[in-house]
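# Coordinates in review
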Amino acid sequence: MLKDITIGQFFPGNSFVHKLDPRFKIVFTIIFIVMLFVADSFAGLGIGIVFVLMAFLISKIPFAMMLKSLKPILSIIIFTSVLNILFIRTGDVVFKWAFLTITKQGLTTAAFMVIRIVALIIGTSLLTYTTSPIVLTDAIERLLSPLKKIKVPVHALAMMMTIALRFIPTLVEETDKIMSAQKARGADLESGNIIQRAKALVPILVPLFVSSFRRAEELALAMECRCYHGGDGRTRMKQLKCGYRDFVALFVLAGFMAVVIVFNVYGI
Amino acid sequence: MQNFLKAERVRFSYVNNMENPPVVNEVLKGIDIEIKKGEFVAVLGHNGSGKSTLAKCFNAINLPDEGDVYAVGFNTKDEDKILDIRQNVGMVFQNPDNQLVATIVEEDVAFALENMGVEPKEIRRRVDEALKTVGMYEYREHAPHKLSGGQKQRVAIAGIIAMEPECILLDEPTAMLDPKGRREVLKTIRKLNRENGVTIVLITHYMEEAALADRVVVVDKGQVIIDDVPEKVFSQVEKMKSVGLDVPQVTELCWELKKAGFDVSTEIISEDECVEALYKLFDKG
Amino acid sequence: MAIIKTENLTYVYGEGTPFRKVAVDDVNLEIEEGEMVGVIGHTGSGKSTLIQHFNGLLQATSGKIFIDGEELTKDKGKLRDVRFKVGLVFQYPEYQLFEETCYKDIAFGPKNMGLSDEEIDKRIRETVKLVGLDEKLLDKSPFELSGGQKRRVAIAGVMAMNPKILILDEPASGLDPKGRDKILGLIKEYHQEKKNTVMLVSHSMEDVAKNASKILVMNKAKLFCYDDTEKVFHRADELTEMGLAVPQITRVFNRLKAMGVDINDDVYTVKYGTRLLLDILNKKQHPDL
């Protein structure tokens, strides 16, 4: 069923990772990504992997979820590694057949890339697994709030993101319903060439747009009735507080970063 | 309170500027109505009779073209008081999906309070209390789209009562719900009126729901045509049907019997009263 | 011959996931041609899932379905034919209108069937009359119409396909009493004129009772019963227990009977109830008659 798709895939929990201040978590994720790109050896990447696995263990997110997060990018991983393997022709030749040349360097680079991408995905999905989309939006709004001074509509952008998150499942369900209804009138969505198929989407898209506009209008009215008047003077129920945890995590991460840099300097 | 909810000779038109010349559709035609604090009023009228338009006048969404509307003591034309009015005259709509803003139940209930700039601790307290009042406290961390229609509508009501309004206007809140959802929502509305003393204005198409109110107002063609206790309103079976409305089945039954010459009151609107009256009828015979 | 027949029809959602749910459980059913069937059951009882099988929108996990004597298979070409034979009007059908004019929108289904332009034109004019709309509206955009009119255009879009079986899911929901009566009235007229099989899915037992000659009750994914309307209302207590809203009038008569009054307990419309009471009361007043 279409409606089983969840966006953001948040897993509620009470772990150390869950309890971290989302602003810090975003910053940590950025530092972690930087760390992966700074590391120039397998040892350095290994440090990154150890860090993310440790965080995963602490978060008590089922291990299977980690694999699940990798599934959508499996094709990208295979594609980049094949490219690396086939097009890097320097170094010791391991295998040669016709115009195919596989070198040791090609294999190493491919492996290096794969590990880096995998670590990157696991790290960022850990952020979305342990932080609810709304908290994440909230954190982004606050991290970006200095931009308000240069007239960036940070609050409006965050509000838009929240509403999008709220309405994606509703609209997915609606699309499902409209598709069934048009199929019941004999609409053929599955056969024909590209132009015919694009044409067949009209009976789905028009009602979907019409209903989205209607929903938007009703939502705007409901928001107005609930005293919404933009971001000025707004308070939040959930206050973001950074505590000792965040600093503990920061120091741990800084430690890992230091090790990676040392590895780089000494060429380990 | 003076001028708690009051419309005086209110006229209101929707203007469609897309056409040339613009099409003017006058929906409210000099309507007069006053609702007192603590009342439970049901508003009936067929689609397009102007009842929703009237409701939106009371929380300053619609401003009258002519006449005056007062809400919780303020004239709705007074721009400085708009937020006071909206906070005290809450509104719940038909489609529960299109009035929930946040992705988590408790965040949604907090929405209005955040807009009002209430202190975080106070928001927490009021959100918990509102959710308990509508019986949705256990669902506070759920995503709204996973709830049933009746549950969503109760969350929407919680979002309104968290503002601690004096009055709640409900625009066909049960129209899109199944019988179970309808019962849940109605129970909540009655509880708010009886236990918390909130004034309720319920717009509905279900006559059984209107029969629960203290007072029923029938709107037709932008005018109030009947305004009385439900018993007196529904006993006018022919008049109700002539304006595209209905009466509860029990009322219609008694009315038919009366018409056939039997001694039955036509002011019967509940199942209990009807059973009692019919039983008496059999006993006598 | 039965127009719809199911044998051990079962449908399971999300097989192999934690969300696994049996939505339709071992349903055996035979519906005769030309019947007007009311389908009731609370939300999640499986009634919507069941009806989506009849035109092949959903395929049974196990069991068989026969429409007009022919077994439904997974063959795509045949599935489309079934959709033309079994018209399905979803809840709030006005939300699927998409064409520039009502005429074009009603023509969508017949066009998909591959009918000739003259035939389509004939059918549109015929169905517009059936749903009680003015032909002048045909050239208007469906988005300009009132709520009730839009819904009638949407229903006409399915009726114009002239299906042997017409299934309507909550056709009257969200309308005011007058609109409700109008829609239900036109469905009844359609049934009387076309003599086709009609299935009316609804939460409102009042609406079903007024129109259907047979009622199908779904409860917890199972077929609770399929029987004549009176016989089903005879079991009002069981229906109430299921969480269904039995008409007020039925409850009144049941309570009178429980209090010892000698009276039928299968009353489900005011008309029937009035007639019954008047009969008894008149007899009481004039016992010699």
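Residues numbered from 1 in each chain as written. Chains lettered and ligands numbered in written order. Predicted model: local features only at pLDDT ≥ 70, side-chain atom pairs only at ≥ 80, totals over all residues. Heavy atoms only, no water.

## Considering the interface of chain B and chain A
Each partner contributes to the interface: chain B provides 40 residues, whereas chain A provides 31 residues. For the pair chain B and chain A, the two sides together bury roughly 3,200 Å², of which 58% comes from carbon and sulfur. Counting the surface chain B buries against chain A, the share from its top three residues, Asn98, Glu114 and Asn115 of chain B, is 21%. At the junction of chain B and chain A, the tally comes to seven salt bridges. Salt-bridge contacts for Arg86 of chain B lead to Glu224 of chain A; the nearest nitrogen and oxygen are separated by 3.7 Å. Here chain B is connected to chain A by 16 residue pairs in polar contact (both at pLDDT 80 or more). Sorting the residues of the side of chain B that touches chain A by element identifies helix 2 (82–88), helix 3 (105–116), helix 4 (120–133) and helix 5 (149–161) of chain B as the ones contributing at least two each. (Contact = heavy atoms within 4.5 Å. Buried area = accessible area lost by both parts, 1.4 Å probe. Salt bridge = Lys/Arg side-chain N within 4 Å of Asp/Glu carboxyl O. Polar contact = N/O pair within 3.5 Å; in protein donor to acceptor, adjacent residues only side chain to side chain. Helix = DSSP H or I, 4+ residues; strand = E, 2+ residues; numbered from the N terminus.)

## Considerations on the nonpolar core
Ranked by size, the top nonpolar core spans 54 residues in total, and within it Leu44, Ile168, Ile200, Val218, Phe234 and Met240 of chain B carry the most contacts. Looking at which element gives the most residues to this core, the answer is helix 5 of chain B, with six residues. Not counting chain neighbours up to four residues away, the residues in contact with Val218 of chain B comprise Leu44, Gln223, Val224, Ile225, Ile226, Val233, Met240, Val243 and Leu245 of chain B. Counting residues in each nonpolar core, the second largest holds 49 residues, with Met36, Ile40, Val198 and Val208 of chain C among its members. (Core = buried A, V, L, I, M, F, W, Y, C linked by side-chain atoms within 4.5 Å. Buried < 20%, exposed > 50% of the residue type's maximum accessible area, 1.4 Å probe, protein only.)

## Some details on the environment of Val89 of chain B
Here Val89 of chain B lies in strand 6 (residues 89–92). Residues Val89 of chain B and Asn59 of chain B, spaced 30 residues apart in sequence, show a C-alpha to C-alpha distance of 5.8 Å.

## Side note on helix 10 (residues 248–258) of chain C
Among all positions in helix 10 of chain C, only Gln248, Ile249, Thr250, Val252, Phe253, Asn254 and Leu256 of chain C are buried. Backbone geometry just downstream of helix 10 of chain C places Gly260 of chain C in the positive-phi region, at approximately 105 degrees.

## Comments concerning the domain arrangement of chain C
All names here are of chain C. Entries for chain C in the domain assignment read domain 1 (34–51 + 83–239) and domain 2 (247–289). Taken over C-alpha atoms, the centre of domain 1 sits 32 Å from the centre of domain 2. Contacts between the two partners involve 10 residues from domain 1, matched on the other side by eight residues from domain 2. Of the roughly 750 Å² buried between domain 1 and domain 2, counting both surfaces, carbon and sulfur atoms make up 66%. The three residues of domain 1 that bury the most area against domain 2 are Glu230, Phe233 and His234, which together make up 52% of that side's buried surface. If you look at where domain 1 meets domain 2, you find zero salt bridges. Linking domain 1 with domain 2 are two residue pairs in polar contact (both at pLDDT 80 or more). Of all the secondary structure elements, the ones that give two or more residues to the side of domain 1 that touches domain 2 are helix 7 (205–211), helix 8 (229–233) and helix 9 (236–241). (Domains from an automatic or database assignment.)

## A closer look at the layout of surface pockets
The gaps of empty space that remain are located by a probe, the size of a water molecule, rolled over the atoms. As a volume, the second largest pocket reaches approximately 2,400 Å³. Along its surface, the second largest pocket is lined by 48 residues, and Asn47 and Gly48 of chain B together with Ser146, Gly147 and Lys150 of chain C are the ones closest to its centre. Elements with a minimum of two residues in the lining of the second largest pocket: helix 10 (202–225) of chain A, strand 2 (23–35) and helix 1 (51–58) of chain B together with helix 5 (147–159) and helix 6 (177–194) of chain C. In terms of residue count, the dominant contributor to the lining of the second largest pocket is helix 10 of chain A (eight residues). (1 Å grid on protein atoms, 1.4 Å probe; cavity = no way out; pocket = protein on both sides within 12 Å on 5 of 7 lines; lining within 4 Å. Points joined across faces, edges and corners; volume = space filled by probe spheres on them.)

## So, empty space enclosed by the protein
One pass over the structure, following the stated rule, counts four cavities of 30 Å³ or more. Taken as a whole, the largest cavity encloses approximately 160 Å³ of empty space. Along its surface, the largest cavity is lined by 15 residues, and Ile134, Met159, Thr162, Arg234 and Arg236 of chain A are the ones closest to its centre. For the lining of the largest cavity, the secondary-structure elements that each account for two or more residues are helix 7 (133–144) and helix 8 (154–184) of chain A together with helix 3 of chain B. Split into classes, the residues belonging to the lining of the largest cavity amount to six nonpolar, three polar and six charged. (Nonpolar A, V, L, I, M, F, W, Y, C, P; charged D, E, K, R; others polar.)

## What about the pairing of strand 3 (residues 40–44) of chain B?
The two faces of the sheet receive side chains in turn, since in a regular strand these alternate between them. Residues and elements named next belong to chain B. Counting buried residues in strand 3 gives five out of five residues, a clear majority hidden from the surface. Every second residue of strand 3 is oriented toward a common face, with Phe40, Ala42 and Leu44 on one face and Val41 and Val43 on the other, all of them buried. Where strand 3 meets strand 9 (residues 215–220), four bridges bridge the pair, whose relative direction is parallel. Across the sheet, Ala42 pairs through a bridge with Val216, a residue of strand 9. (Pairing = 2+ DSSP bridges.)

## With respect to the confidence of the model for chain C
Per-residue pLDDT for chain C has a mean of 90; in total, 99% of the residues score no lower than 70. Across the predicted assembly, pTM comes out at 0.86 and ipTM at 0.90. (pLDDT = per-residue confidence, 0-100.)

## Observations regarding the packing of helix 5 (residues 74–87) of chain A against helix 6 (residues 104–130) of chain A
Residues and elements named next belong to chain A. Between helix 5 and helix 6, the shortest axis-to-axis distance is 8 Å and the interhelical angle comes to 160 degrees. Considering the angle they form, helix 5 stands roughly antiparallel to helix 6. Note that helix 5 runs across helix 6; the crossing there is right-handed. Facing helix 5, whose interface residues are Ile77, Thr80, Ser81, Asn84 and Ile85, helix 6 presents Gly106, Leu107, Thr109, Ala110, Met113, Val114, Ile117 and Val118. Its residues placed into classes, the contact of helix 5 with helix 6 shows eight nonpolar, five polar and no charged. (Axes fitted to C-alpha atoms, helices over the stretch in contact; angles between N-to-C directions. Parallel < 35°, antiparallel > 145°, perpendicular 65-115°, else oblique. Left-handed = near helix turned anticlockwise from the far one by under 90°.)

## Overview of the side chain of Asn62 of chain B
Residues and elements named next belong to chain B. Relative to the helices and strands, Asn62 is located in the loop between helix 1 and strand 4 (66–71). Note on Asn62: relative accessible area 8%, which makes it buried. In terms of polar contacts, Asn62 uses its side chain to reach the backbone carbonyl oxygen of Thr53, at 3.2 Å.

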